[in-house]
Amino acid sequence: MIPQKPHPNWKAGQNAGMTRRSFLRGSAVFASGLAALAASLSPLRELDDFPSVEQFAQKYYKELTPAEMAKVLKRIEDEVERQYGLRPHVKDLKPADGVEFVYALNLTRCVGCRKCVHACVAENNQSRTPEIQYIRVLRLPHGSLDLEKAEHDYHPESVPEKGYFYMPVQCQQCKNPPCVKVCPVHATWQETDGITVIDYDWCIGCRYCEAACPYWARRFNFAKPSVPKDRLNLNMAYLGNRPRPRGVMEKCHFCLQRTRAGRYPACVEVCPVGARKFGNILDPNSEVAYILRTKRVFIQLKEELGTSPRFFYYFDV
Amino acid sequence: MNDKPRVPGVLFILTLVFIVLTVSFSRRKWMEPEPLKAIALVDPDLVQPTTMRTSYVQLVRMQADLSDFDCYACHEKNKPPTLRFDASNNLVIPKEHLDIVMAHGQHNRNNNCFNCHDEQNLVLLQTRDGRQVKFEDSPRLCGSCHGPTYRDWEGGAHGRTGGYWKKEAGETKRQICVDCHNPHSPKIPPRTPLPPPHPLRQADQARMFQEFRQPEGVAQTSSLPYRGFPIRRCDQAVTTGRLEVGDAAGWKPALRSLGSPLAAAAAER
Amino acid sequence: MTTAIRNYLVFLARCARIAFVGDWRYYSWMGFLSVFCLLGLNAYARQFAHGLLVTGMSDEVSWGVYIANFTFLVGVAAAAVMMVIPVYVYNNEDLHDLVIFGELLAVAAILMCLAFVTVDLGRPDRFWHLIPGLGQFNFPASMLSWDVIVLNGYLLLNVHICGYLLYSRYHGRKPAKWFYIPFVFVAIVWAVSIHTVTAFLYVGLGGRPFWNSAIVGPRFLASAFTAGPALIILALQIIRHVTNYRITDRALLTLRSIVQVSMLINVFLLANEVFKEFYSGNLHVASSRYLYLGLQGRHALVPWIWTAIGFNLLAMVLLVLPVSRSLRWLNLTCVLCIVGIWIEKGMGLVIPGFIPTPLGAMLEYRPSLNETLVCFGIWAFGLLCYTIFLRMAVPILQGRLSKANENPDGWRSAVVSAEAWVKS
């Protein structure tokens with residue numbers, strides 16, 4: 001019942017349906033209901049990363065002017081400094097002309113040591129708890145590429161194990177990416193150098209792209225990512241390894257803070273057996289051009305889905 | 001059917017319920033999510049892009065102490081060392097070089113030091129047809145037998161590359177054969193892998209560890225760094241794991257005699 | 001002009017007032033629902049503060065009960081069309097005065113759908129990124145953008161139709177046909193489209209072979225047209241019981257025949273799916289294997305799906321037999337339909353699509369307590385809305401709340417009049 005003050009012209013006896021008692025009863029329920037409503041929102045006290053007005057109204061990456069982008073980068077640097085006590089250098093690196101990245105991975109050589117996984121984690125400021133890893137190394141039995149036979153959790157005394165081979169999987173940066181197709185807000189798109197990027201400040205966290213990816217390459221921040229202060233990589237890029245907020249997607253971006261500056265990605269550099277190869281396919285002298293030219297057998301995972309990945313698994317013949 | 005008298009009762013109960021809810025909601029501990037157990041970090045040393053071993057060429061570049069590599073400190077000039085073979089035609093490694101394990105090819109195919117070393121001039125290497133090769137040019141020696149791999153290495157498909165892919169931006173670092181392969185036992189030794197992935201939920205983590213009986217909180221699975229490090233005798237790299245060689249018994253005492261604690265630890269594996 | 005606006009505002013105010021007036025059963029029911037709404041709101045506040053970690057979802061199973069309920073409720077909303085078609089296309093008399101209850105259910109269901117999608121978002125504060133013009137709307141490539149359009153459009157359609165009809169009845173005038181009949185026919189097509197678009201959300205993903213099948217769309221519609229009218233049958237009987245609105249048994253039996261045919265089609269499509277998955281023996285059946293038989297020692301969903309299939313088959317048999325013409329058996333059958341299809345659509349469709357992952361990993365999903373409370377909260381909210389809609393609609397349709405008995409004193413006296421109408 002809505003408690004109402006009696007009309008000034010109300011005379012006793014009129015409108016006998018509402019008595020003082022029923023008024024009090026009604027207002028007691030109403031007031032306690034409102035109190036319960038307010039109290040139910042009390043977990044919001046724990047909220048510490050509510051976006052500022054600036055963050056809320058931030059424009060889409062492709063619509064930011066250079067001046068606005070500079071402000072955004074500065075804001076990110078300030079945030080990181082506030083949180084970690086260290087000031088990073090956040091750049092907005094654009095793709096270069098005449099460059100199209102391709103990745104090749106030698107399945108004859110990979111020993112399954114997982115150094116690439118952890119080098120990537122260190123380079124890209126991925127959350128340690130909860131754990132986010134862009135690369136997943138699969139152990140497959142000899143003779144089969146059936147991913148349903150893959151083992152993710154192998155941890156023997158030593159690798160490689162007899163009877164198995166290892167296949168690391170990460171974002172394939174497909175030429176025809178299903179994740180880009182399904183994102184309702186264009187938060188992810190493919191750039192001219194072939195890297196599929198995510199605007200972390202635009203993503204709404206619907207996880208449709210995660211459902212769409214045939215390679216299980218995309219990760220979601222279920223909680224606020226935590227990176228130890230002493231492990232923070234201060235060389236950051238806006239679309240790359242700058243710290244991500246809670247509730248957005250992330251994935252391998254070919255270490256664009258390195259690759260767009262001309263360096264190899266962290267996974268390529270750390271691989272102890274040289275199984276990973278990376279380069280500009282448009283350069284005929286690059287390693288990847290050599291591989292795609294000379295190797296007779298190379299495969300793209302799940303090629304039949306039409307995603308046209310940029311990732312080629314090759315063998316030493 | 002006059003239900004009017006029941007309304008006050010219902011409203012009263014409702015008021016009480018709302019008050020109880022208000023109190024419960026306001027308590028901080030009400031259904032607070034439990035904090036996540038911290039996942040053990042991986043030692044940054046394990047993800048350095050250093051090579052698996054430190055070759056002689058790298059030692060030279062680093063200007064390390066090369067006194068152990070001075071062949072003519074012990075050998076006489078112009079006197080080729082003699083090789084000794086046992087009854088089953090296996091090469092007998094002399095006690096001064098016990099840290100070398102000859103495992104270059106199966107079934108003792110490469111049973112002769114001077115298949116690669118030049119017996120007339122110990123500071124050089126030689127191909128099978130007698131051409132001399134400097135230590136810095138050792139890939140040409142390797143390539144003289146391992147053609148396809150050498151061609152792949154030249155093209156970039158074999159071996160490690162680091163640094164810059166864009167030549168204009170910086171230097172591309174290519175490793176040579178011996179930076180990864182021990183020329184006497186070239187097979188890449190097995191290693192302990194880094195920890196497997198942790199699922200998001202504690203319950204799944206517990207189950208994973210229960211099923212596979214891995215101790216929790218394992219930060220790194222080896223106490224030795226993965227790269228080779230220079231040791232005082234020759235270029236036998238000490239790595240983790242076991243070397244798959246025919247008779248491994250011989251090299252353990254040699255390792256222990258080197259006097260370095262890490263070599264001793266490796267000998268204990 | 002101002003009189004028209006004033007009249008409309010008075011109408012709205014009176015409707016709002018009447019929602020707070022009722023007998024002890026009404027207060028108990030609304031109180032019960034409010035409690036769950038508050039629990040749900042509290043649980044959501046916790047999720048908003050701590051992140052989706054408080055749910056049971058993970059990178060392996062990234063959609064859970066929220067999207068499962070969303071999928072089911074889109075079907076319920078679409079099922080209003082199963083009342084509209086008999087009345088407006090075939091001029092069925094029995095259902096004529098009852099269509100509005102179906103459409104009001106559709107409105108409540110769509111509100112629940114929108115709520116479920118919002119609570120599933122990682123960044124609900126960025127909802128404005130979805131608004132065309134303001135944000136970046138990936139139409140027509142993304143099926144989610146289609147879903148945003150069709151769901152909101154359907155909501156507006158039904159709000160308009162119901163609102164206009166009720167307001168016309170409030171004024172005691174005949175509604176102008178041109179102002180609602182075209183919308184009704186658009187709504188028929190639109191209802192089919194909302195569920196087809198929701199189905200296409202799943203079908204369009206080539207990387208998930210469990211979903212990437214042409215039968216998913218038809219199955220969605222068949223199960224929606226079974227569960228929706230079943231819900232309406234139950235709702236109509238409740239309305240008949242608590243108000244004295246005239247609802248004939250014949251109307252209920254007409255709806256029964258709709259449920260009957262839809263359930264037969266649903267079971268037939270299920271048989272098709274099972275055959276396709278298991279007969280040829282190809283390797284893409286891991287998800288189906290997990291669902292029906294268990295895989296690699298993981299079998300959490302097996303009892304659920306077999307229960308659902310059991311319920312559906314039993315309901316089908318009961319529907320075909322004349323025994324379900326008796327209301328008691330019909331009600332049991334409806335409950336079996338609703339529960340069976342809820343399990344089938346939620347646990348039988350959404351979750352197995354994620355297990356195993358595209359890379360073959362097996363990680364099961366269990367909704368957390370927090371997640372469950374949010375779901376209960378949203379269901380309670382939807383039922384609350386529907387009850388309020390009915391609380392407003394029934395008196396208007398019966399003529400008890402009309403312009404004629406609007407007191408010149410204004411809306412204040414509506415309180416008195418409302419109290420007087422309390423069923424005693």
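Just so it is clear, the model here is predicted, and its values are computed rather than measured. (Residues numbered from 1 in each chain as written. Chains lettered and ligands numbered in written order. Predicted model: local features only at pLDDT ≥ 70, side-chain atom pairs only at ≥ 80, totals over all residues. Heavy atoms only, no water.)

A. Region of the structure containing the overall build of chain C. Of the regular secondary structure elements, chain C holds 14 helices and 0 strands. Listing the helices and strands of chain C from first to last along the sequence gives α-α-α-α-α-α-α-α-α-α-α-α-α-α. The C-alpha atoms of chain C give a radius of gyration of 22 Å, which matches the 22 Å a tight globule of 424 residues would have. Dimensions of chain C, computed from the C-alpha atoms along their principal axes, are close to 75 × 55 × 40 Å. Residues counted as buried form 63% of the 424 residues belonging to chain C. Once local pairs closer than 6 in sequence are excluded, the contacts in chain C between residues at least 24 apart make up 78%. With the model as given, the accessible surface of chain C reaches about 16400 Å², and the carbon-plus-sulfur share is 70%. Here chain C contributes 29 positively and 19 negatively charged side chains, and the mean placements of these two sets differ by 7 Å. (Helix = DSSP H or I, 4+ residues; strand = E, 2+ residues; numbered from the N terminus. Rg over C-alpha atoms; globule rule 2.2 N^0.38 Å. Buried < 20%, exposed > 50% of the residue type's maximum accessible area, 1.4 Å probe, protein only. Contact = heavy atoms within 4.5 Å. Areas by Shrake-Rupley, 256 points an atom, 1.4 Å probe, with all protein chains shown as cover. Lys, Arg positive; Asp, Glu negative; His and termini not counted. Charge placed at Lys NZ, Arg CZ, Asp CG, Glu CD.)

B. Molecular detail of the interface of chain C and chain A. At the junction of the two partners, chain C supplies 61 residues and chain A supplies 67 residues. Per-residue buried area on chain C facing chain A is highest for Asp59(C), Gln136(C) and Leu359(C); these three make up 15% of the total on that side. Counting every contact that joins chain C to chain A gives 2 salt bridges. One salt bridge in this structure joins Asp201(A) and Arg126(C), with 3.9 Å as the shortest N-O distance. The set of elements that each furnish at least two residues to the side of chain C that touches chain A consists of α2 (24-50), α6 (143-170), α7 (177-203) and α14 (414-421) of chain C. Ranked by the residues each element gives to the side of chain C that touches chain A, the list is headed by α2(C), at 10 residues. A per-class count over the side of chain C that touches chain A returns 32 nonpolar, 18 polar and 11 charged. (Buried area = accessible area lost by both parts, 1.4 Å probe. Salt bridge = Lys/Arg side-chain N within 4 Å of Asp/Glu carboxyl O. Nonpolar A, V, L, I, M, F, W, Y, C, P; charged D, E, K, R; others polar.)

C. Spotlight on unusual backbone geometry. Omega for the peptide link from Thr129(A) to Pro130(A) comes to -5 degrees, which places this bond in the cis form. Checked against the element boundaries, Pro130(A) lands in the loop between α4 (115-123) and β3 (136-141). That bond from Phe139(C) to Pro140(C) is cis: its omega, 0 degrees, falls within 30 degrees of zero. By secondary structure assignment, the location of Pro140(C) is in the loop between α5 (99-120) and α6.

D. Quick look at the interface of chain B and chain A. Contacts between the two partners involve 59 residues from chain B and, on the opposite side, 63 residues from chain A. Approximately 5200 Å² of surface area, both sides summed, lies buried where chain B meets chain A, with 60% of it carried by carbon and sulfur atoms. Joining chain B to chain A, the criterion identifies 1 salt bridge. Between Asp152(B) and Lys295(A) there is a salt bridge, with the nearest N and O atoms lying 2.5 Å from each other.

E. Representation of the packing of helix α3 (residues 65-78) of chain C against helix α13 (residues 369-398) of chain C in the model. Residues and elements named next belong to chain C. Orientation of α3 relative to α13, taken along the N-to-C sense of each, is 25 degrees, at an axis distance of 10 Å. When the interaxial angle is binned, α3 and α13 end up roughly parallel. Crossing hand, α3 versus α13: right-handed. Facing α3, whose interface residues are Val65, Tyr66, Asn69, Phe72 and Leu73, α13 presents Glu371, Val374, Cys375 and Trp379. Here the contact of α3 with α13 is composed, by residue class, of 7 nonpolar, 1 polar and 1 charged. (Axes fitted to C-alpha atoms, helices over the stretch in contact; angles between N-to-C directions. Parallel < 35°, antiparallel > 145°, perpendicular 65-115°, else oblique. Left-handed = near helix turned anticlockwise from the far one by under 90°.)

F. Structural context of the sheet that holds strand β2 (residues 101-106) of chain A. All names here are of chain A. Taken in spatial order, the 4 strands of this open sheet run β10-β2-β12-β11, and their pairing is mixed. Looking along the sheet, the strands with just one partner apiece sit at the ends: β10 (276-280) and β11 (298-299). Pairing geometry for β2 and β10, over 5 bridges, is antiparallel. By the bridge assignment for β10, Leu105 is matched with Arg276. Contacts from helix α9 (residues 287-294) reach β2, β10, β11 and β12 (311-314) within the one sheet, and its direction differs from that of β10 by about 110 degrees. (Pairing = 2+ DSSP bridges.)

G. Up close: the pattern of salt bridges. All names here are of chain A. The tally for this structure, following the rule as stated, stands at 33 salt bridges over all chains. Asp146 is the partner of Lys149 in a salt bridge, and the nearest nitrogen-oxygen pair spans 3.7 Å. On the basis of relative accessibility, which here comes to 47%, the residue Lys149 falls in the partly exposed class. Here Asp316 makes a salt bridge to Lys295, at a shortest N to O gap of 3.7 Å. Residue Asp316 is found in the segment after β12, and its partner Lys295 is found in the loop between α9 and β11; the two are separated by 21 residues along the sequence. By relative accessible area, Asp316 is classed as partly exposed at 22%. Residues participating in the shared-partner salt-bridge network are Lys74, Glu77, Asp78, Glu81 and Arg87.

H. Representation of α4(A) within the structure. All names here are of chain A. With 8 of 9 residues buried, α4 is to be regarded as a mostly interior element. Taken together, the buried positions of α4 are Lys115, Cys116, Val117, His118, Ala119, Cys120, Val121 and Glu123. Positive phi shows up at Asn125, right after α4, with a value of about 50 degrees.

I. Quick peek at the state of the cysteines. Applying the stated criterion across every chain, the model contains 0 disulfides over all chains. Between Cys116(A), a free cysteine, and Cys113(A), which holds the nearest cysteine sulfur, the sulfur-to-sulfur gap is 6.4 Å. What makes Cys116(A) buried here is its relative accessible area of 8%. Of all cysteine sulfurs in the structure, the one in Cys177(B) sits closest to Cys142(B), which takes part in no disulfide; the separation is 3.8 Å. Given a relative accessible area of 25%, Cys142(B) falls into the partly exposed group. (Disulfide = S-S within 2.5 Å.)

J. Structural context of the pairing of β2(A). Most of β2(A) sits inside the fold, with 6 of its 6 residues counted as buried. Along β2(A), one buried face is formed by Phe101(A), Tyr103(A) and Leu105(A) and the opposite face, lined by Val102(A), Ala104(A) and Asn106(A), is buried too.

K. Quick look at the packing of helix α1 (residues 6-26) of chain B against α2(C). Look at α1(B) against α2(C): their axes get within 9 Å of each other, and the N-to-C directions meet at 5 degrees. Taken as axis vectors, α1(B) and α2(C) run roughly parallel relative to one another. Residue-level contacts link Arg6(B), Val7(B), Val10(B), Leu11(B), Leu14(B), Val17(B), Phe18(B), Leu21(B) and Phe25(B) of α1(B) to Trp24(C), Tyr27(C), Ser28(C), Gly31(C), Ser34(C), Val35(C), Leu38(C), Leu39(C) and Asn42(C) of α2(C).

L. Layout of the packing of aromatic side chains. The final tally for this structure, using the stated rule, is 48 aromatic pairs over all chains. Ring centres 5.2 Å apart and planes at 50 degrees place the aromatic pair Tyr56(B) and Phe69(B) in the tilted group. Of this pair, Tyr56(B) sits in helix α2 (residues 56-62) while Phe69(B) is found in the loop between α2 and β1 (84-85), placing the two residues 13 residues apart along the sequence. On the basis of relative accessibility, which here comes to 23%, the residue Tyr56(B) falls in the partly exposed class. Their ring planes at 55 degrees and their centres at 6.2 Å tell us that Tyr44(C) and Phe48(C) sit as a pair that is tilted. Here the residue Tyr44(C) and the residue Phe48(C) both occupy positions in helix α2, the gap between them amounting to 4 residues, near one helical turn. Using a relative accessible area of 22% as the deciding quantity, one classes Phe48(C) as partly exposed. Members of the aromatic cluster, each reached through a chain of ring pairs, are Phe56(A), Tyr60(A), Tyr61(A), Trp189(A), Trp202(A), Tyr238(A) and Trp128(C). Cation over ring: Arg139(A) sits above Tyr164(A), and NZ or CZ is 4.0 Å from the ring centre. Lying over the aromatic face of Phe220(A), Arg207(A) brings its terminal NZ or CZ to 5.1 Å of the ring centre. (Phe/Tyr/Trp six-rings, centres within 6.5 Å; stacked < 30°, edge-to-face > 60°. Lys NZ or Arg CZ within 6 Å of the ring centre and 35° of its normal.)

M. Structural view of the environment of Gly156(B). Tracing the backbone through its elements, the reader meets Gly156(B) in the loop between α4 (147-155) and β5 (161-163). Owing to a relative accessible area of 2%, Gly156(B) belongs among the buried residues under this scheme. The sequence separation of Gly156(B) and His97(B) amounts to 59 residues, and the corresponding C-alpha distance is 34 Å. Look past the residues within four positions of Gly156(B) in its chain and what remains in contact with it is Lys277(A), Glu287(A) and Arg174(B).

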